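Spelled out from the first residue to the last, the chains are:
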Amino acid sequence: MKIKSLMLSLMVMLAMFVSCNNGDVSIAVKDEDDYYRFKARFDDNLSTEVTGFLNDHLSTVRIDPEKDSKVITVLPDQTRLTVESSPGEVMIYLDKEENSRDSYHRIKNLCEGVKDVILKHSKGNSRLENARSN
């Protein structure tokens, strides 16, 4: 009887450990008339890959995956954007009134790339939210 209790306890503890580390992902995109915002929450272990992807595609930005940061920058093509990051989170914001339609599409495609990096490694639950107002 004691062995069954011990085994059951071990199984419950293992299940709790797996559920706490299942890599929950949340990605939300808000595409309004005057701005575009991409927010993602993911496993901290992906921070290096996500920030590496952003650093590769945003030549003027260097994001440290280990630190909280907020970068407001102008890219060589004159795209103005804000990137906020911390381990396991990223937010990219583009003001459509300050940027061209081409800039909007480039940043939207960049965010799709970030989403692909995150979802490629996601083993657990993911929640995607898209919002568009017209």
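Residues numbered from 1 in each chain as written. Predicted model: local features only at pLDDT ≥ 70, side-chain atom pairs only at ≥ 80, totals over all residues. Heavy atoms only, no water.

A separate point is the overall build of the protein. Within the protein one finds three helices and six strands. Going from the N terminus to the C terminus, the protein shows its helices and strands as α-β-β-α-β-β-β-α-β. Within the protein, the fraction of its 134 residues that count as buried is 35%. Once local pairs closer than 6 in sequence are excluded, the contacts in the protein between residues at least 24 apart make up 55%. Carbon and sulfur atoms make up 52% of the accessible area of the protein, which amounts to about 8700 Å² in all. (Helix = DSSP H or I, 4+ residues; strand = E, 2+ residues; numbered from the N terminus. Buried < 20%, exposed > 50% of the residue type's maximum accessible area, 1.4 Å probe, protein only. Contact = heavy atoms within 4.5 Å. Areas by Shrake-Rupley, 256 points an atom, 1.4 Å probe, with all protein chains shown as cover.)

The subject of this paragraph is unusual backbone geometry. Its identity is not glycine, yet Gln78 carries a phi of approximately 75°, on the positive side. Turning to its location among the elements, Gln78 is positioned in the loop between β3 (69–74) and β4 (80–86).

Further remarks concern the pattern of salt bridges. Tallying each qualifying case throughout the model produces seven salt bridges. Of the charged contacts, one joins Asp77 and Arg106 as a salt bridge, the two residues approaching to 2.6 Å between their closest N and O atoms. With Asp77 in the loop between β3 and β4 and Arg106 in helix α3 (residues 101–121), this pair connects stretches of sequence that are 29 residues apart. When salt bridges with common partners are traced through the structure, they connect Asp31, Lys96 and Lys108 into a single cluster. (Salt bridge = Lys/Arg side-chain N within 4 Å of Asp/Glu carboxyl O.)

The final tally for this structure, using the stated rule, is two aromatic pairs. Aromatic pair Tyr35 and Tyr93: ring centres 5.5 Å apart, planes at 25°, arrangement stacked. Residue Tyr35 is located in strand β2 (residues 35–41), and its partner Tyr93 is located in strand β5 (residues 89–95); the two are separated by 58 residues in the primary sequence. For Lys96, the ring lying beneath its charged end belongs to Tyr104, and the centroid distance is 4.4 Å. (Phe/Tyr/Trp six-rings, centres within 6.5 Å; stacked < 30°, edge-to-face > 60°. Lys NZ or Arg CZ within 6 Å of the ring centre and 35° of its normal.)

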